[in-house]
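Residue-level listing of the chains:
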Amino acid sequence: MAEEAKKTRGHWFREMKSELKKVVWPNKETVTKNTGTVLLCSLLIGACIWIFDFVAVSAVEMILKLFAA
C-alpha cells in the first residue's frame with residue numbers, strides 16, 4: 001500500500017513538472033501592465049462603492065431626521 005502511494009505521488013509530480021514546462025510565462029512588461037490594470041480597476045470599484053455608501057448613509061440619516069421631528 002505504501003509503495004503504491006509513493007508511485008502515485010511520484011507519477012503526479014512528474015506529470016506536474018511536464019505540464020509546467022508547457023506553460024508560457026508572461027514577461028515583465030506584461031506583468032507590470034496587468035498589475036496596473038488590476039490596481040486601477042480596484043481603485044475605481046472602491047471609489048464607486050465609497051460614493052454609493054456615502055449617498056446611502058446620507059439618505060438614511062435624512063429619512064431618520066425627517067421622521068424623528
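Notes on the structure follow. Residues take numbers from 1 onward in each chain, read along the sequence in its written order. Since the coordinates come from a predicted model, pLDDT governs what is reported: local features require at least 70, and pairs of side-chain atoms require 80 or more to be given and counted, while whole-chain, interface and lining totals use all residues. Only hydrogens and water are set aside when side-chain values are computed; all heavy atoms of the structure are taken into account.

Quick look at the overall build of the protein now. The way it works is that DSSP assigns letters per residue, a run of H or I at least four long becomes a helix, a run of E at least two long becomes a strand, and they are numbered from the N terminus. Helix and strand content of the protein: two helices and zero strands. Relative accessibility thresholds used throughout: buried, under 20% of the residue-type maximum; exposed, over 50%; partly exposed, between the two (1.4 Å probe, protein chains only). In the protein, buried positions account for 0% of the 69 residues. Of the accessible surface of the protein, which amounts to about 7000 Å², a share of 71% is contributed by carbon and sulfur atoms. Throughout, the Shrake-Rupley method with a 1.4 Å probe supplies accessible areas, and for residues the shown protein chains are the sole cover considered.

This part covers the pattern of salt bridges. By definition, a salt bridge exists where a carboxyl oxygen of Asp or Glu is found within 4 Å of a side-chain nitrogen of Lys or Arg. Inspection of every chain in the model, using the stated rule, returns one salt bridge. With a closest N to O distance of 3.2 Å, K22 and E19 form a salt bridge. Of this pair, K22 and E19 both sit in helix α1 (residues 2-22), three residues apart, roughly one helical turn.

In this analysis, the expected span of each helix is defined as 1.5 Å times one less than the number of residues it contains. With 41 residues, helix α2 (residues 28-68) extends 59 Å from end C-alpha to end C-alpha; this agrees with the ideal 60 Å at 1.5 Å per step. In terms of burial, α2 is largely open, as just zero of its 41 residues are buried.

A patch consists of residues exposed above 30% relative accessible area that lack any salt bridge, with like charges linked at up to 9 Å and nonpolar side chains (Val, Leu, Ile, Met, Phe, Trp, Tyr) linked at up to 5 Å. Taken together, W12, F13, M16, L20, V23 and W25 make up a surface patch of nonpolar side chains, about 640 Å² in accessible area. Note on placement: F13 falls in helix α1.

So, on to the packing of aromatic side chains. Aromatic rings from Phe, Tyr and Trp, with only the six-membered ring used for Trp, were paired whenever their centres fell within 6.5 Å, and each pair was classed as stacked if the ring planes differed by under 30 degrees, edge-to-face if by over 60, and tilted otherwise. One pass over the structure, following the stated rule, counts two aromatic pairs. Judged by centre distance (4.9 Å) and plane angle (80 degrees), the ring pair of W12 and F13 falls under edge-to-face. For F13, a relative accessible area of 44% translates into the label partly exposed. Arranged with centres 6.3 Å apart and planes meeting at 25 degrees, the rings of W50 and F54 form a pair that is stacked. Of this pair, W50 and F54 are both found in helix α2, four residues apart, which corresponds to roughly one turn of the helix. For the pair W50 and F54, one class covers both residues: exposed.

Just geometry here; none of it tells us what the structure is for.
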